[in-house]
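Examination of the molecular architecture
So the chains spell out like this:
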Protein chains: 2
Amino acid sequence: MKRSVVYSLCLSLYAPAGFSAETGPLRGFSTESTRTERDWETKFRAVPDPANLRSYMQRLSARPHHVGSPYDKDNAEWILSKFKEWGLDAQIETFDVLFPTPKERALELVEPTRFTAKLEEPTVSTDSTSSQHQEQLPTYNAYSIDGDVTAPLVYVNYGIPEDYDMLDRLGISVKGAIVIARYGGSWRGIKPKVAGEHGAVGCLIYSDPHDDGYFQGEVFPEGAWRNKDGVQRGSVMDMPVYPGDPLTPGVGATKDAKRLPRSEAVTLTKIPVMPISYGDAQPLLAALKGPVAPFAWRGALPMTYHLGPGPAKVHLKLSFNWDLKPIYDVIARIPGATYPDEWIIRGNHHDGWVNGAEDPISGLAPLLEEARGLGILMKQGWKPKRTIILCAWDGEEPGLLGSTEWAEAHAEELQRNAAVYINSDGNGRGYLGVEGSHTLERFINGVARDIDDPESKLSVWKRMQFGRIANAPPADRQEARSRPDLRIAALGSGSDYTAFLDHLGIASVNMGFGGEDGGGIYHSIYDDFYWYTHFADTDFVYGRALAQAAGTTVMRLADAELLPFDFDDLTDTVRRYVDEVKKLATDKRDQIVERNRQIDEGLFAAIEDPRHKMAAPPKEPVPPFLNFAPLDNGLAALQRTSQLYDEALAHATENGGSALARAALREANAKLITVERALTLNDGLPNRPWFKHQIYAPGFYTGYGVKTLPAVRESIEQKDWKLADEEIVKVGKVLENAGEAIQGATSELGRAVK
Amino acid sequence: MKRSVVYSLCLSLYAPAGFSAETGPLRGFSTESTRTERDWETKFRAVPDPANLRSYMQRLSARPHHVGSPYDKDNAEWILSKFKEWGLDAQIETFDVLFPTPKERALELVEPTRFTAKLEEPTVSTDSTSSQHQEQLPTYNAYSIDGDVTAPLVYVNYGIPEDYDMLDRLGISVKGAIVIARYGGSWRGIKPKVAGEHGAVGCLIYSDPHDDGYFQGEVFPEGAWRNKDGVQRGSVMDMPVYPGDPLTPGVGATKDAKRLPRSEAVTLTKIPVMPISYGDAQPLLAALKGPVAPFAWRGALPMTYHLGPGPAKVHLKLSFNWDLKPIYDVIARIPGATYPDEWIIRGNHHDGWVNGAEDPISGLAPLLEEARGLGILMKQGWKPKRTIILCAWDGEEPGLLGSTEWAEAHAEELQRNAAVYINSDGNGRGYLGVEGSHTLERFINGVARDIDDPESKLSVWKRMQFGRIANAPPADRQEARSRPDLRIAALGSGSDYTAFLDHLGIASVNMGFGGEDGGGIYHSIYDDFYWYTHFADTDFVYGRALAQAAGTTVMRLADAELLPFDFDDLTDTVRRYVDEVKKLATDKRDQIVERNRQIDEGLFAAIEDPRHKMAAPPKEPVPPFLNFAPLDNGLAALQRTSQLYDEALAHATENGGSALARAALREANAKLITVERALTLNDGLPNRPWFKHQIYAPGFYTGYGVKTLPAVRESIEQKDWKLADEEIVKVGKVLENAGEAIQGATSELGRAVK
């Protein structure tokens, strides 16, 4: 705690704009090894070249490269050849996964008028790859079941649980209906899941121009935004239950793996689902009558949004090929010289929905430059202490297939050896975005101070800080100015870190630049080289910055004498989460008490507008007060052990860290690795045992969006008070376990540098 | 203060939903006279009949009845005849006012393509009066100057001062440009005023479908909302300087009044202005390039909103007939039996922009039923103690002409005699809305408890309370539940109370129902009997409720032994205003300090996106701390004297108010009338001497929107710190003056009931 205060003063008094790199020893390094490390890192950061990034993107996005396509395999082999060309030991690992592709797709309005949806993204003449229709996957949502349904239509806004509460109050049921939801507000797979839970028989998902179209900016090809024909493909697999191959939960989808019959694969949708463009959606929405949609539900189509049901009736017909397809993970290894059994893993996927220039090649190309850079350094004599594994994942788009199957197949050795997983995905312009394990928050702040921002010429850390000061509400501005570490967000899901963090308990970070992008080509045929080089990081300078940031992260983790985990920021963050779940319980209680009172006193009847009927919400039992003491006790343990670790580390780094330099830190490092593992429970979260991390998980009803302390938070959100009380006890114990693991690391560190 | 607490307990413990009328003595009445009053009021409230309201509306909105039209005069004469028929002493008072009507109107896009605006509202076949094109005023903004300009177009959002700050940061100047602003965010007259201040040469104002069109609901004639051709006419006279005839500020526009030459009439616009439909606006807006409009500036047209300037260039040509036109105020009087020189005045205008069913006939028709009801009561022997004056104003739409000229012409006797002015304007469905002098807050709450809400069958007070509980943020809910009086809002401008309250210091209230209306026919040809009877208070039950509420208000004020002013709620409200201006000064200071710091530390340069340039705001001098002690001292005087008055009143109403019943209260009443006068200063507000009230005024840059403690608040908003310090002293003195007036009333009351 002392360190924070001193550091914060330094920052605010002596570190005005322009302050950049840390000058003292790096965390986990001695003064001497810091100097060596900085020299190697400087050499490394000179390597990544925008011209190379551009040429990689041009090559890799030249043709559609989705799972099962010829160019997907071709790309994997090309990546393998490059890894080898740069001197890395690399290979392809193959898995066989369930990956449905469309056989039939039909959508028509059959009442009160007829309209047949186009379901096609046309060629744009200036954009050469947009014409590759033979190789493009049609517009569809992967892992929708087959179906042939005709039913009245209901507009459900984003289709999240609160939206159905509102529909209930408006007296609108979706039972037996086909719902049309707009993209946004949740991960797409939540929409058919919640619709199905409410009795809908089909689900359409469209991109409203308010969220993803002309309301945001000029549309493609004049501008960066989604045009009326652009469709967002994407997976609707129920990933919050488990990601990866639906037929092989928890195990690698190797050739001989035991597979579930498809009928038992619970992550397929329960109702047929299809994504459509706003061009196709408009006639359907315009044919709805019934109540006018609530204010916040209205989009930017030039019409009045109604809810239905009907008179619009639609016919939706979908059938798929349900074959197994091969996926190709390209894996390169640089063996560690000192701690070969401690692994630093770096990944980005290579498969796209179509040409996938932004998603994923803008993130993969930097990874390739990192590989080239590390290869050059090795030739110059650099030897990382730890083993580095570079991964180009296949099958991320359909359901994190490549990373999940690989992580499951190698689960045992990963749990034993993996120290950190570093992920990226698409990359853009603007600010470095970092989410991840808070055991790495301090470390990654250090890296961000050493990377130059291409636009502002400040460090990316300084620009992030200015961005936060500019956007913080006044109450939070002081923290943005003075907290030594900028806070990093927690990881939900939506990219390949999921299996590493949530299933295996490996400390993970995800990074990429963004915030100055504008674009609406996500998962459409227009996410291609033409679009990227006209509207995104057109000169690839942020691609270079990402290669520099991720590569520096990898090197610094691989080279450190002591793994640079920190538990102060973890403790500080978990305290916030504990405060949040307490407040959530209090707020829920207050809301229910207040609403019951309003129902009793007749408020809803009194304010009802007879021309716009709105039923009172149902009365609910008043929640009990929960016993949060186990979380407080766990937090106290975390705080106590974190302080002791800080003291031991301070002791070890006295006198330039000479003790650190000469010590054998194998046991201390091994214990440090166990801390993130200690944050998991083998039984996982309630009703989803695949998710084992107890601090972070994608929300059961958000999909990508993170829920921190998920077992506690979601049981409160879902008003399961008994479960909440039980989970508080479990999670409190998890925090105490983490405290014990930290204590173990402290002891080993003390012993080593005695 | 004690009373409030007890009362609040009563309310929350013993007054559940359904609680309605007050049962104790009415404020200002003895127990006995309360009984008599309640009997008369009950008789009165049985009179208003929806069928009559409907027939009045049908008659009065049958043809266009704007200032200068034959039907305007015809309506006035018909109203006069009805007043007389009902036994009232009535007459027409005529003034001659400047009222421009269009000679030429032309608007065309001349670059990069050509488009000629239609500037016409077509006939809707189901709506019979929409075809009366010969009599309809064309679409225009009254008191725009003549002009013929061709210039590049700039989109300025709502065209309020903050919007120009944003344009400055985006590097866009309107100098020499024609601006296009959307309706909303301010009163319309502010838009050309601010545009002119920034160097624009012309101004277009359009109704965006987001604010007033299909985004809100189905458009006319299928629904209530503005269709693509509907145009909002309206005055753009600079009314925050002075309303009424531009040629006769401060004096009645009688035949022989001294008139300014038109060139010296400062309330005419400085640049030509015209309102247009969104049908006409869309091609102009679509032709703009330049930066994409900020998020909050974008409307619901199906396009990307750009700011310009250009390449769109438009030609705007306007010329007007600048004749004097006669206006016809219809004035009826019921002489007071006890205090004939204390006047209770009730008004609503009768002129419309076209057929004006909603605006103003839906408010005027209830006034007519009130007149009929009072006539019936008189025949049954009812004699009000005070004189009642019923007014049907002409010329409200162009600039509050009829009420202002009448108030100016009769200023001396009004200042001597007028106790209260009660206004209404258009009326709708839902909740009783009341704004006005806080000396009447407690009184008007009492009236609201005695009026039945047609939909909920509760009192309108109870429904208001439920509405506030439902919409209050949790922090304010307790007050909505327990404060004995529901707060009333302060009066800005926009209707005929303005001259009474702001110029003459007569306590005023404005009332009308609303909150469940939806509509976009404001100031268009579609505001007519067809629209009103299909989409508004179609069965006129809220019209009846307004007649009951306003009529009860008039009777209770006219019949009270002691005028029922209260100074507790005034004190409580002024305390809030004082707290607000203090906080405003602090916030302004904090903002400037913070922004200067951000400029100094290079924040704006650091976060600039090179593809979307946004300049740093200018550095500003740090504001001084202001001396608010004079306001605190004035407030203390108000509080002290208010308490003493309460004690005197409590004493006077002991034993059923027998003292009150027998006392000669002439002097006490006369002193009570002076309290609101004491809240004015003869010099008026800085730079606008016509506005004399120091607690309430329409904002110089909001137009309708009220600024409370306007001299202090606006000088802080405009960062004129020296002026703010001076005005704080003046307003503090005004509060002390009011305290003295209250003290005077207290003494007289004590003397009378000794």
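Thresholds applied
Residues numbered from 1 in each chain as written. Chains lettered and ligands numbered in written order. Predicted model: local features only at pLDDT ≥ 70, side-chain atom pairs only at ≥ 80, totals over all residues. Helix = DSSP H or I, 4+ residues; strand = E, 2+ residues; numbered from the N terminus. Buried ≥ 20, exposed ≤ 12 C-beta atoms within 10 Å, placed from the backbone. Contact = placed C-beta atoms within 7 Å. Domains from an automatic or database assignment. Nonpolar A, V, L, I, M, F, W, Y, C, P; charged D, E, K, R; others polar. Least-squares fit on C-alpha atoms with pLDDT ≥ 70 in both. Pairing = 2+ DSSP bridges. pLDDT = per-residue confidence, 0-100. Axes fitted to C-alpha atoms, helices over the stretch in contact; angles between N-to-C directions. Core = buried A, V, L, I, M, F, W, Y, C linked by C-beta atoms within 7 Å. Parallel < 35°, antiparallel > 145°, perpendicular 65-115°, else oblique. Left-handed = near helix turned anticlockwise from the far one by under 90°.

1. Notes on the overall build of chain A
Counting secondary structure elements, chain A contains 25 helices and 18 strands. The principal-axis extents of the C-alpha atoms in chain A amount to approximately 80 × 65 × 55 Å. Every one of the 754 residues in chain A was classed for burial, and the buried ones make up 58%. Contacts in chain A between residues at least 24 apart in sequence constitute 82% of all its contacts with a sequence separation of at least 6.

2. Thoughts on the domain arrangement of chain A
Residues and elements named next belong to chain A. Segmenting chain A into domains produces domain 1 (31-98 + 325-559), domain 2 (103-322) and domain 3 (568-752). Contacts between domain 2 and domain 3 engage 17 residues on the former and 14 residues on the latter. When residues of the side of domain 2 that touches domain 3 are traced back to their parent elements, those giving at least two are helix 5 (161-169) and helix 6 (190-197). Of the residues belonging to the side of domain 2 that touches domain 3, the class tally is 12 nonpolar, four polar and one charged.

3. Observations regarding the relation of the copies chain A and chain B
Once chain A has been moved 0.0 Å along the axis and rotated by 180°, it coincides with chain B to within an RMSD of 0.0 Å. Here the two chains are linked by the operation of a two-fold rotation axis. The overlap is high: 100% of the interface residues of chain A also sit at the interface in chain B, so the same surface is used on both sides.

4. Observations regarding the pairing of strand 14 (residues 418-423) of chain B
All names here are of chain B. Judged by how many residues are buried, strand 14 sits mostly within the fold: six of six residues are covered. The sheet contact formed by strand 12 (residues 339-349) and strand 14 spans five bridges and is parallel. Following the sheet pairing, isoleucine 344 is matched in strand 14 by valine 420. As paired strands, strand 14 and strand 16 (residues 507-515) are joined by four bridges and run parallel to one another. For asparagine 423, the partnering residue across the bridge sits in strand 16 and is asparagine 510.

5. A short note on the pairing of strand 2 (residues 101-111) of chain A
Residue and element names in this part refer to chain A. As paired elements, strand 2 and strand 10 (residues 313-321) share nine bridges and run antiparallel to each other. Its bridge partner being in strand 10, leucine 109 is matched across the sheet by valine 314. Taken together, the two bridges between strand 2 and strand 3 (residues 115-116) define a ladder with antiparallel strand orientation. For leucine 109, the partnering residue across the bridge sits in strand 3 and is phenylalanine 115. Adjacent in sequence and paired antiparallel, strand 2 and strand 3 are bridged by three residues.

6. With respect to the interface of chain A and chain B
Taken residue by residue, the interface counts 31 residues in chain A and 31 residues in chain B. If you list the elements that add at least two residues to the side of chain A that touches chain B, you get helix 14 (460-471) and helix 20 (603-606) of chain A. Sort the elements by how many residues they give to the side of chain A that touches chain B and helix 14 of chain A lands first, with six residues. The residue inventory of the side of chain A that touches chain B, partitioned by class, reads 17 nonpolar, six polar and eight charged.

7. Description of unusual backbone geometry
Residue and element names in this part refer to chain A. A cis amide bond links aspartate 359 to the next residue, proline 360, at an omega of 15°. As for its position among the elements, proline 360 is in helix 9 (residues 357-379). In the Ramachandran plot, tyrosine 143 falls in the positive-phi region, its phi being about 80° despite a non-glycine side chain. The backbone of leucine 400 shows a phi angle near 55°, a positive value even though the residue is not glycine. Inspection of the secondary structure puts leucine 400 in the loop between helix 10 (396-399) and helix 11 (401-409).

8. Comments concerning the confidence of the model for chain A
When pLDDT is averaged along chain A, the result is 95; 97% of the residues meet or exceed 70. Interface predicted TM-score (ipTM) for the complex: 0.93; the corresponding pTM is 0.94.

9. A few points about the environment of serine 131 of chain A
Residue and element names in this part refer to chain A. If you trace the backbone, serine 131 turns up in the loop between strand 3 and strand 4 (141-142). By the C-beta count within 10 Å, which is 13 here, serine 131 ends up partly exposed. Sequence spacing of serine 131 and lysine 258 is 127 residues, and the spatial spacing of their C-alpha atoms is 40 Å.

10. With respect to the sheet that holds strand 14 (residues 418-423) of chain A
Strand pairing in a sheet relies on backbone hydrogen bonds. The paired strands run either parallel or antiparallel. All names here are of chain A. The sheet built from seven strands is open, its strands ordered 1-11-13-12-14-16-15 with mixed pairing. Sheet topology places strand 1 (89-98) and strand 15 (430-436) at the edges, where each strand pairs with a single neighbour. Taking each pair of neighbouring strands and ignoring which way they run, the sheet shows an average axis angle of 20°. Lying over the sheet, helix 18 (residues 541-559) contacts strand 12 (339-349), strand 13 (386-393), strand 14, strand 15 and strand 16 (507-515), oriented at roughly 160° with respect to strand 16.

11. Quick notes on the nonpolar core
Grouped together as the largest cluster of nonpolar side chains are 439 residues, with contacts concentrated most on Ile178 and Val179 of chain A together with Ile178 and Val179 of chain B. Examining the composition of this core, we find that 12 residues originate from one element, helix 25 (residues 721-753) of chain B, more than from any other. Other than its neighbours up to four places away in sequence, isoleucine 178 of chain B contacts Val149, Ala151, Leu153, Ala200, Val201, Gly202, Cys203, Leu204, Val314 and Leu316 of chain B.

12. A look at helix 13 (residues 441-449) of chain B
Burial within helix 13 of chain B is extensive, with seven of its nine residues counted as buried. On its buried face, helix 13 of chain B sits against strand 15 (430-436), helix 14 (460-471), strand 16, helix 18 (541-559) and helix 19 (568-600) of chain B.

13. Some words on the packing of helix 14 of chain A against helix 15 (residues 474-482) of chain A
Residues and elements named next belong to chain A. Running from N to C, helix 14 and helix 15 cross one another at 170°; their axes reach a closest spacing of 8 Å. Considering their axes alone, helix 14 and helix 15 lie roughly antiparallel with respect to each other. Note on packing geometry: the crossing formed by helix 14 with helix 15 is left-handed. Of the residues in helix 15, those in contact with Gln465, Arg468 and Ile469 of helix 14 are Arg477, Ala480 and Arg481. Classifying every residue of the contact of helix 14 with helix 15 gives two nonpolar, one polar and three charged.

14. Points about the sheet that holds strand 2 (residues 101-111) of chain B
All names here are of chain B. With mixed pairing, the seven strands of this open sheet are ordered in space as 3-2-10-5-6-7-9. One side of each edge strand has no neighbouring strand; the edge strands of this open sheet are strand 3 (115-116) and strand 9 (273-276). Relative to strand 7 (residues 202-206), helix 6 (residues 190-197) is tilted by about 145°, and along the sheet it contacts strand 6 (178-182), strand 7 and strand 9.

15. Re the environment of glutamate 218 of chain A
Structurally, the position occupied by glutamate 218 of chain A is in the loop between helix 7 (209-212) and strand 8 (234-235). A residue is classified by how many C-beta atoms lie within 10 Å of it, and glutamate 218 of chain A, with 18 of them, is partly exposed. Here the alpha-carbon distance between glutamate 218 of chain A and valine 753 of chain A, two residues 535 residues apart in the chain, equals 61 Å. Not counting the four nearest positions on each side in its chain, glutamate 218 of chain A is found in contact with Gly223 and Trp225 of chain A together with Thr304 of chain B.

16. With respect to the environment of alanine 117 of chain B
All names here are of chain B. Tracing the chain through its elements places alanine 117 in the loop between strand 3 and strand 4 (141-142). For alanine 117, a count of 23 C-beta atoms within 10 Å translates into the label buried. Sequence-wise, alanine 117 and lysine 588 are 471 residues apart; in three dimensions their C-alpha atoms are separated by 43 Å.

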